[in-house]
Amino acid sequence: MFRFVSLRVLTYVILAFVATSFAYLLSAWMMHPEEVLYPPIATEPVPPATAQMYLDVRNVNPDTPIFERYANWLGGLVRGDFGVTTGTNKSMVPVIDELATRIPISLRLVVIGTAIGTFLGILFGMIAAVRRDSLGDRLSTLLAFFILSLPTPVIILIVQQTNQTIMDATGWGLPAINPINPLLEAGSWASISYQIKALIMPTIVLAVTAAASYSRYMKVTTLDVLGSDYLRTARAKGLTRGKAMNRHGLRMALIPMGQYFAFAVGGAFSGSLFVELMFNWQGIGRFVISAIGMADVNGTAGVVFYTAVLTLLSATFADILQGALDPRIR
Amino acid sequence: MTNPHDIRGTDDAAKLRASTDPEENPMIGSTADLTTAVDTALPDDAAPAIESLGRGELLRRRFLRNRNAWVGMIVFVVLIVMAIVGPIVYQYEPFERDLRNALTGPSAYHWFGVNENGLDIFARTMQGLRISLVIGIGTALLTAFLALVVGIVAGYVSHKGKWGALADGALVNLINLFLVVPSILLLMLFSPALQRASWLWMIPLLALFAWMLTARVLRAMTQQLVRTEYVEAARFMGVHPIITMTRHIIPNVASWIIIDTTLGVSAAILGETGLSFIGFGIQYPQVSLGTVLQDYNISAPYTWIPPAAVLAALVISINLMGEALRDALDPTSGSSRL
Amino acid sequence: MSEPILSVRDLSVTFPSEYGTVHAVQNLSYEVHKGEALAIVGESGSGKSVSSLAVMGLLPRTATITGGIEMMGQDLFAMDDRQLSKLRGNTISMVFQDPLSALTPVFRVGQQIAEVVRIHHPETSAKQAEKRAVELLEAVGIPEPMRRANQYPHEYSGGMRQRAMIAMAIANEPELIIADEPTTALDVTIQAQVMDLLKSAQEMIGAATVLITHDMGVVAGFADRVLVMKDSRMVELGAVDDIFYTPQEDYTRNLLAAVPRVDAGESGRSRSVAGAALQKLAEPGDDGQEIAPREERPIVLEVEELHKVYPITKGAIVRRKVGEQRAVDGISFDIRQGECLALVGESGCGKTTTLMEIMQLRTPQQGVIRIDGTETGSLSRKERAALRSDVTMVFQDPMASLDPRMPIADIIKEPMRVQGYSAERMNERVDWLLSMVGLLPEHAARFPTEFSGGQRQRVGVARALACDPKLIILDEPTSALDVTVQAGVLAMLADLRARLGVSFLFVSHDLSVVRHISDRIAVMQRGRIVELGETEDVFTDPQHPYSRELLSAVPIPDPEVARTRRREAIDRSAFDGADKTASSPDPTA
């Protein structure tokens, strides 16, 4: 078990490292912060020496060979330094600080959304399989089908529009934008309840999309389990249909689900990107959209690193879960 | 054995009788005693042999019997006709500004209304539908090709000794590498630069980040096929590996690829509209359904509901066809991709 | 006779399917009395399993069931799932066919046995139930039951899993045990042990038994009464001796005749036409043809000191070798022209590895393989490709060995295409080959799915014959077929050998199958050939203890003979252990 998990973790670390390196090299190669050095309103050109220094200090000087820049960046990475923001953002904020303030905001969304979505998906998928062709099965399958046929922005628009309609009609609704209300006193009950209310809609969006895809997978694996010999044995022992499913079937059906889970966090990240944009949350998603938009090499690489670590952690978690569920791979 | 498949033997027995008729068959003549003995054991009221249906014919029948398949096909055809005819007959261009009517609802002149920048929503939606269709279909075809090559090669070589396993391992890790970082990030990185050249670059770009899961499945399927006795038989006959792949493996995964490509069209459309929505997809001189959605205004639902409805109808119609194909291929499975 | 435990009246089961309603069981009626063993015999698709699942109430929901099933006076159809669950595992228990998949892989075997105790005796503590599980495992002959109870099913061998299933079935001393093909998936020696165990367990707890099987040999030693089923209907029902010695129906006679017998040599001519045909064809010399003695014929295949060792590695990143598995451990044999050598052994003995080593046509790890005097290691690419037409193979599974997407003609042409035959010649040969194996030229355009298992195997043979091979390797060619079909395929193979003078290397796990077709037999155990000799010699006077064990394990379809052969008994003291644990110390401890 330990050997199995540690080997997998090592593979993931290597993969994450290679992926992040690629992302850095790509963004360093594709983006040109030096082109946005001068704001359009600047009246006279910056002296060349100043410009050079400006670029060197941000490690984005195109005259420095790309691999040297990469080596510099890597050296910083080892010390926990991701460099500073570049591009049109001239304030030289350390990327690590940006990540530190934004990760909690995004992670809250991703973790709660994925957890609720996974739970609901597994529940509905199992019910749909066990009660196949019942009204519940048809409804949940149909719903999952529609949700998976809609792009995330449209789902968000539907949720927001519904909220808006209710708000127009009743005068009461959930806050549509911003995770916190800066006007309220921090730590006060009003502020906390606002934060909780603000979390509801984004979480619904992420949970619903996750649940839709999980329920489909769960239905398939559960149907496999339902046709299995060991479940028949369990029933021949005297377990009723439901008990046999709970005691023997559920665990077996969850084993293949572990693998789907491994890369689902990546999907949740993409979902959170739209959510943050449309609900105006200052999270990682928004940051990376602006970072790529303004040629921020270090910022982009930092976000890629974060997502790689996130995938790595969820994949490891999936492996541990699988190892715990299935004695055969220990 | 609880499944009805077990019951197939009845028909088989009837066929066996048909083929072991001693008179038709001189070789069996020497064992005539045996075969007649078997024959008499077969009752005359054995279940009538099923009509011999080709696999393709069976698939087609099952597909056409499915009501959802018809709904999907009709909607899809209607949308294609709209995409072709719409921009021709409509009087406004996607970038023609009518600022006087900015942010007004549907009317006889502006069928879907006008957004806050004075752009006609119907004209933009139809233009976007064209682009989305081209990108969706193009990407799905390219994705299927990439996945087919990588998946089948990886699956085929994985059992061929040490080097084969090594090559397979490298390909698997390549697949995983693409999965480690959310592809939307890398798409965002590449897309703006390539868009400057042509919007068609969107197709290879989307395909580059969409083939991995399909390739993984194809690899697993190929591995199973390689272990089957008929592929082994081909190997023992000295059939060249490439011929084995094209003659034995690809035909046996073909139906799955067709389904996956169908569903891949909708996946590509979803990916493209998402990317365009956040401003990293289709750029200015072109319009995609994603860019149309970008101009949404919550206080004016007509700014986003028509393009969203067209988009949903498009994706749902494709998915309906894909699902019906899958059901036709394997009535017992309800499996699906993300 | 006492009151019946189980009575099935006019049972019919139908399933909806793509091609209309499938009648799985039609108008089946039988009774099982206390302590009696009833065998339901039939070939695949005869509805025998479906009928027993109907008794258990475990048919899928799509099934439509009519008729009546009464268990000790209670109408089972009137009960809901909850009430049926009280009966299942307690009053009726079941042993399933495939022990590999019948146990939940993620729970310990001990837990799974304890579960059946606790379901019906909720008052038992978890600890007591675990203890009981260990006793039951001991009773069914699992060594080190304490340790084994804590293992998972994948750590058990097939035979042990089936023992564990039997332990589970007898745990609550049921009135009726249904055993659905309990030994089909097992090796022949294990099969005999498991059947003996099942019989003695049944006798010990005095339960009635319904044994479902396709194998008449198994029935002979087990059943009191036999019910023969065919195409979803009952053919014949009678006492075991009546069925075996004076069968009334033709189908029963055919079923009996088609069973290859290891003892057929002694009992003289088989009683049936089918058996006679089989035997006649097995002796190529019969028709007066002159055949040179073995020594004068050229050697087709020669295997010398063949070794194949698989390393067992541990450690994921740095692989180090911790041991090795000697799959093939220095075997030598040769096959002369027109000869049939049978390679017999149980699963895992290395016979498949040997075949693969020969078919690779490459240098083996150690040892030499010569085909027609040419060493396989010394071949150039071109020579190897040419040699592929001389050594061909017929596979075990007729479902898997033909590409379902190719018409029969293309399948048979494939090897000829590799050898560069002209299109005309190929078409000619396809017709000839099809008639050779007893199919019609019209079949050439059809697809494999339109054929039965036996016919597909004939296509497989036709493909193997396509380029006039010198040697055909047959890998268990009949083990996936029903007995009556098997007899036909064996007869055809024997005939082909006599007519074409091709050599066979016939691999089988079943001694009775090879008796009539092989000239010589090589018995293989753990990678070695333990005995190699003339077929008759091996059968009449086996030298090696393992050969004797194999021979004695083959079920004989003769109730009188079979009754004398039972050996293993259940460990009664261990089974009784739990009933008196509180009062007396366990005598077997």
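Residues numbered from 1 in each chain as written. Chains lettered and ligands numbered in written order. Predicted model: local features only at pLDDT ≥ 70, side-chain atom pairs only at ≥ 80, totals over all residues.

Per an unreviewed UniProt entry, chain B goes by Oligopeptide transport system permease protein OppC and derives from Brachybacterium alimentarium. Quoted verbatim from the Sequence similarities (unreviewed entry) field of UniProt, the annotation for chain B is "Belongs to the binding-protein-dependent transport system permease family. OppBC subfamily." (UniProt positions renumbered as here; feature names shortened; annotations may be inferred.)

Q: Could you give an account of the overall build of chain B, with specific residues and numbers?
A: Within chain B one finds 14 helices and zero strands. Listing the helices and strands of chain B from first to last along the sequence gives α-α-α-α-α-α-α-α-α-α-α-α-α-α. Per-residue burial for chain B yields a buried fraction of 48% across its 338 residues. In chain B, the share of contacts with a sequence separation of at least 24, taken over all contacts with a separation of at least 6, comes to 70%. (Helix = DSSP H or I, 4+ residues; strand = E, 2+ residues; numbered from the N terminus. Buried ≥ 20, exposed ≤ 12 C-beta atoms within 10 Å, placed from the backbone. Contact = placed C-beta atoms within 7 Å.)

Q: Outline the overall build of chain A, listing residues and values.
A: Along its length, chain A carries twelve helices and zero strands. In chain A, the succession of α and β elements from N to C terminus is α-α-α-α-α-α-α-α-α-α-α-α. Taken along its principal axes, the extent of the C-alpha atoms in chain A is 85 × 60 × 35 Å. Put simply, chain A has 330 residues, and 45% of those count as buried. When contacts within chain A are restricted to residue pairs at least 6 apart in sequence, long-range pairs at least 24 apart make up 72% of them.

Q: Hey, could you go over the packing of helix α4 (residues 95–130) of chain A against helix α5 (residues 135–148) of chain A for me, with residue numbers and the actual values?
A: Residues and elements named next belong to chain A. Viewed as axis vectors pointing N to C, α4 and α5 meet at an angle of 135°, and their least axial separation amounts to 8 Å. The orientation of α4 relative to α5 falls into the category oblique. Here the hand of the crossing between α4 and α5 comes out left-handed. Residues Phe124, Ile127 and Ala128 of α4 pack against Gly136, Asp137, Ser140 and Thr141 of α5. (Axes fitted to C-alpha atoms, helices over the stretch in contact; angles between N-to-C directions. Parallel < 35°, antiparallel > 145°, perpendicular 65-115°, else oblique. Left-handed = near helix turned anticlockwise from the far one by under 90°.)

Q: Report on the pairing of strand β19 (residues 520–525) of chain C, specifying residues and quantitative values.
A: Residue and element names in this part refer to chain C. With six of six residues buried, β19 lies mostly within the body of the structure. Across the two faces of β19 the burial is the same, with Arg520, Ala522 and Met524 and Ile521, Val523 and Gln525 all buried. Here strand β13 (residues 340–344) pairs with β19 via four bridges, running parallel. When the bridges of β19 are listed, Leu343 appears paired with Ala522. Here β19 pairs with strand β20 (residues 528–534) via six bridges, running antiparallel. Bridging from a neighbouring strand, Gln525 pairs with Arg528 of β20. (Pairing = 2+ DSSP bridges.)

Q: Explain the nonpolar core to me, using residue names and the numbers behind them.
A: If you look at the biggest cluster of nonpolar residues, it comprises 352 residues, and the most contacted ones within it are Ala39(C), Ile113(C), Ala167(C) and Leu505(C). Ranked by residue count, the leading element in this core is helix α6 (residues 121–157) of chain B, at 18 residues. Beyond its immediate chain neighbours, meaning those up to four positions away, Leu505(C) contacts Leu301(C), Ile335(C), Leu341(C), Leu343(C), Leu471(C), Ile473(C) and Leu474(C). (Core = buried A, V, L, I, M, F, W, Y, C linked by C-beta atoms within 7 Å.)

Q: Give a description of the sheet that holds strand β6 (residues 92–95) of chain C that names residues and reports values.
A: Residue and element names in this part refer to chain C. If you walk across this open sheet you meet the six strands as β6-β7-β8-β3-β9-β10, and the pairing is mixed. The outermost strands of the open sheet, each flanked by one partner alone, are β6 and β10 (233–239). Averaged over all adjacent pairs, the angle separating strand axes in this sheet is 15°, with direction ignored. Sitting on the sheet, helix α11 (residues 250–258) touches β9 (225–230) and β10, and the angle it makes with β9 is about 100°.

Q: Give a detailed account of the UniProt feature "transmembrane region" (unreviewed entry) in chain B, specifying residues and quantitative values.
A: Residue and element names in this part refer to chain B. Under the local residue numbering, the UniProt record ascribes the feature "transmembrane region" (unreviewed entry) to residues 69–90, 131–158, 170–193, 199–218, 253–282 and 302–321. Helix makes up 95% of residues 69–90 and strand 0%, whereas the separation of the span's terminal C-alpha atoms amounts to 30 Å. In the segment residues 170–193, helix accounts for 92% and strand for 0%; the C-alpha atoms at its two ends are 29 Å apart.

Q: Please give an account of unusual backbone geometry that cites residues and values.
A: Residues and elements named next belong to chain C. Despite not being glycine, Asp10 has its phi angle at roughly 55°, a positive value. Position of Asp10 relative to the elements: it lies in strand β1 (residues 4–15). By C-beta crowding, Asp10 is classed as exposed, having 11 other C-beta atoms within 10 Å. Backbone geometry at Asp468 places phi at a positive 50°, although glycine is not the residue there. As for its placement among the helices and strands, Asp468 is situated in the loop between α17 (453–465) and β17 (471–475).

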